[in-house]
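Chain by chain, the residues:
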Amino acid sequence: MVDFSFTEEQDLFREAVKEWLSKNLTLEQVRENDTKHEIPRSLMEGLGDLGLLLLTLPEEDGGSDADWVTATIGAEELGYADISVATPVFYLVQASWGYVINRLASETVKEAYIRRASKGKGFIGIGVTEPGGGSDVAGFKTVIKPDGKGWVINGEKCYISGTAEAAEMNGGYFVSGYTDRAAGHRGMSAVFVPINQEGVEITKRFENMGRMAISTGGFKMTDVKVPKEYQLGETGRGFYYTMEGFDAARVLVSASCIGAAQRCLEIGMDYIKEREAFGQQLAKYQGIQFDLADMAAHHEAIKSLVYRTAWMLDQKYKHGTFSALEVSKYLGMCKYLAPHHALDTFRRVMYWLGAYGYTKECPLEMGVRGLMSYCIGAEGAQNIQKVIIARETLGRDWMK
Ligand SMILES: Cc1cc2nc3c(=O)[nH]c(=O)nc-3n(C[C@H](O)[C@H](O)[C@H](O)COP(=O)(O)OP(=O)(O)OC[C@H]3O[C@@H](n4cnc5c(N)ncnc54)[C@H](O)[C@@H]3O)c2cc1C
């Protein structure tokens, strides 16, 4: 049986989120956040009160046991509201990595960090990328050593989302590193590192080109000590947990791109129905209509792929119907296609808008700046998505 409908609960969820965001995260508010380089605390806490933050977690841990299709709806609606994609990042990093962290975390970590984050009063993120590179996860230099009482961490993480917010709200990060380098990627483990822990130094806040309202920074860990119960999951499984976190995040990144592209198309259509050239509205020219048709067709195809992949993720977690590798191929496809589609939509719609589109009076430039981050790297570079897609399509033997 193939059923493409959302459940009644999912429809109600979308309606409630859409309505709340239409009042609390208008494009004017997005512009203000972009200019001031911050997501107001009232907005973070509002998202928490709405039940949107860390919604994928069990209720007892501050979530609402939401499935991945529902989380994907949340990401799409946030992308629609905040086309700069700063608030979607704040949401999706925590909904995806938070899910993995929470599943692996001790009660101590949950109580001290995770439940607060679900209320918008904390931030938990992912500290994987290092100054030497992000794609080659097994090439990382961070070392995690036992010291009898707990773990001692040395290393540096770079281009990390939310470092300023985490420091302000006493949050922390999933950090991966080697407990046994000789064992290769099977010698990687993961720990939760509070950003304000002794020995952690925030090295910088980057001046990004876009998604200005959420920080991107780096932090150095020098003999950082955390108790035993700050280990996440089992020793030697860090590489696999990292891949799982990336997977979950990729569907939400893609959904936020779909939301932003939808908003952009709507802004563009409103404009071409009004703006006249050579005696009639732009919308009447076939040259413009064909451009719209091309974007709309790609939009629907990629949106279907994104929701189908979210559904697969649900099947994987709930019923084990799909293996992690099977789903990762589709997640790679989503992350490869959706950011490019969204960026391309913004570029083409900006042409419709003429000179107005090139100004900051028009909101679309925030989308171009923000979406580039998804095309370049965040949650994995585009060539890495191609490596995954090719590997899972051709077979691993061809990757040697
Ligand atoms: C705004 C922003 C926020 C981010 N937030 C976080 C965060 O919160 N936490 C975190 O851990 N990381 C974060 N990142 C980092 C992100 O995950 C990395 O950018 C990404 O993994 C790529 O790593 P890199 O930038 O070091 O590029 P590299 O790994 O150095 O790659 C550079 C280029 O080489 C290509 N390449 C690499 N390997 C291959 C190959 N085998 N075949 C072909 N081409 C290849 C890549 O596609 C890329 O184009 C963020 C990045 C950005 C831009």
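**Q** How do you make sense of the packing of aromatic side chains when you look at a structure like this?
**A** Each aromatic ring pair is described using two quantities: the centre-to-centre distance and the angle formed by the ring planes. In the structure shown here, the tally under the stated rule is 16 aromatic pairs. Taking the centre distance of 5.2 Å and the plane angle of 85° together, the rings of W68 and Y99 count as edge-to-face. Pair noted here: W68 is in helix α4 (residues 68-81) and Y99 is in helix α5 (residues 86-104), with a separation of 31 residues, a long-range link. Overall, W68 belongs to the buried group, its relative accessible area being 3%. The buried category is assigned to Y99, whose relative accessible area is 16%. Members of the aromatic cluster, each reached through a chain of ring pairs, are F90, F123, Y173 and F219. One residue, K316, lies across the ring of Y317, its end atom 4.3 Å from the ring centre.

**Q** Looking at this structure, I do not really get the nonpolar core. What am I missing?
**A** Generally speaking, nonpolar side chains in soluble globular proteins are found buried as a group. With 120 residues, the main nonpolar core has F90, Y91, F174 and L364 as its most contacted residues. Here this core takes 18 residues from helix α8 (residues 238-274), the largest share from any one element. Sequence-distant contacts of Y91, that is, excluding residues within four places in its chain, are made with L52, L53, L55, A71, G74, A75 and L78.

**Q** How should I be thinking about the domain arrangement of the protein chain in this particular structure?
**A** Quite often, the size of an interface is put as the accessible area lost when its parts meet. Here the protein chain is partitioned into domain 1 (8-117), domain 2 (124-232) and domain 3 (238-399). Summarising the inter-unit geometry, the C-alpha centres of domain 1 and domain 3 are found 20 Å apart. Contacts between domain 1 and domain 3 engage 30 residues on the former and 41 residues on the latter. When domain 1 packs against domain 3, close to 2,900 Å² is buried across both sides, 67% of that on carbon and sulfur atoms. For domain 1, the biggest contributors to the area lost against domain 3 are W68, Y80 and I83; these three give 24% of the whole. Taken together, domain 1 and domain 3 are joined by four salt bridges. Note that K303 and E76 form a salt bridge whose closest N and O atoms lie 3.7 Å from each other. The interface formed by domain 1 and domain 3 holds 13 residue pairs in polar contact (both at pLDDT 80 or more) in total. Those elements giving two or more residues to the side of domain 1 that touches domain 3 turn out to be α2 (27-36), α4 and α5.

**Q** Would you explain helix α13 (residues 382-394) in this entry?
**A** Taking 1.5 Å of rise per residue, the 13 residues of α13 would be expected to cover 18 Å, and the 18 Å separating its terminal C-alpha atoms lies within 8% of that figure. Residues of α13 that are buried include every one of Q382, Q385, I388 and I389, and no others. For α13, the angular spread of buried residues about the axis comes to 115°, placing them on one side. Residues of α13 that are exposed and point more than 90 degrees away from the buried face comprise N383 and L394. Each element contacted by the buried residues of α13 is listed here: α8, α10 (324-352) and α12 (364-376).

**Q** I would appreciate a short explanation of the side chain of N102 in the present structure.
**A** The residue N102 is located in helix α5 in this model. The exposure class of N102 is buried, given its relative accessible area of 3%. Polar contacts involving the side chain of N102 include one to the side chain of D61, which spans 2.9 Å. If we ignore the near neighbours within four places in the chain, the residues touching N102 are L57, P58, D61, K110 and I114.

**Q** Mind showing me how you'd approach the pattern of salt bridges here?
**A** Between side chains of opposite charge, a pair can form as their charged atoms come close. Considering all chains together, one arrives at 24 salt bridges under this definition. Of the charged contacts in the structure, one is a salt bridge between K36 and E32, with a shortest N-O distance of 2.9 Å. Of this pair, K36 and E32 both sit in helix α2, four residues apart, which is roughly one turn of the helix. On the basis of relative accessible area, E32 is assigned to the partly exposed category, the value being 37%. Salt-bridge contacts for R250 lead to D247; the nearest nitrogen and oxygen are separated by 3.9 Å. With a gap of three residues between them, R250 and D247 both fall in helix α8, about one helical turn apart. Here the residues in one salt-bridge network are R14, K18, E76, E77 and K303, joined through shared partners.

**Q** Even after reading the chapter, I still don't get unusual backbone geometry, so can you show me in this structure?
**A** Glycine aside, residues mostly have negative phi angles, and peptide bonds mostly take the trans form. Even without being a glycine, D223 presents a positive backbone phi close to 45°. For D223, the location among the structural elements is in strand β7 (residues 216-227). Positive phi is not limited to glycine here, since F278 has a value of about 55°. Its place among the elements puts F278 in the loop between β9 (276-277) and β10 (280-281).

Conventions and cut-offs
Residues numbered from 1 in each chain as written. Predicted model: local features only at pLDDT ≥ 70, side-chain atom pairs only at ≥ 80, totals over all residues. Heavy atoms only, no water. Phe/Tyr/Trp six-rings, centres within 6.5 Å; stacked < 30°, edge-to-face > 60°. Helix = DSSP H or I, 4+ residues; strand = E, 2+ residues; numbered from the N terminus. Buried < 20%, exposed > 50% of the residue type's maximum accessible area, 1.4 Å probe, protein only. Lys NZ or Arg CZ within 6 Å of the ring centre and 35° of its normal. Core = buried A, V, L, I, M, F, W, Y, C linked by side-chain atoms within 4.5 Å. Contact = heavy atoms within 4.5 Å. Domains from an automatic or database assignment. Buried area = accessible area lost by both parts, 1.4 Å probe. Salt bridge = Lys/Arg side-chain N within 4 Å of Asp/Glu carboxyl O. Polar contact = N/O pair within 3.5 Å; in protein donor to acceptor, adjacent residues only side chain to side chain. Expected span 1.5 Å × (residues − 1). Arc of directions from axis to C-beta.

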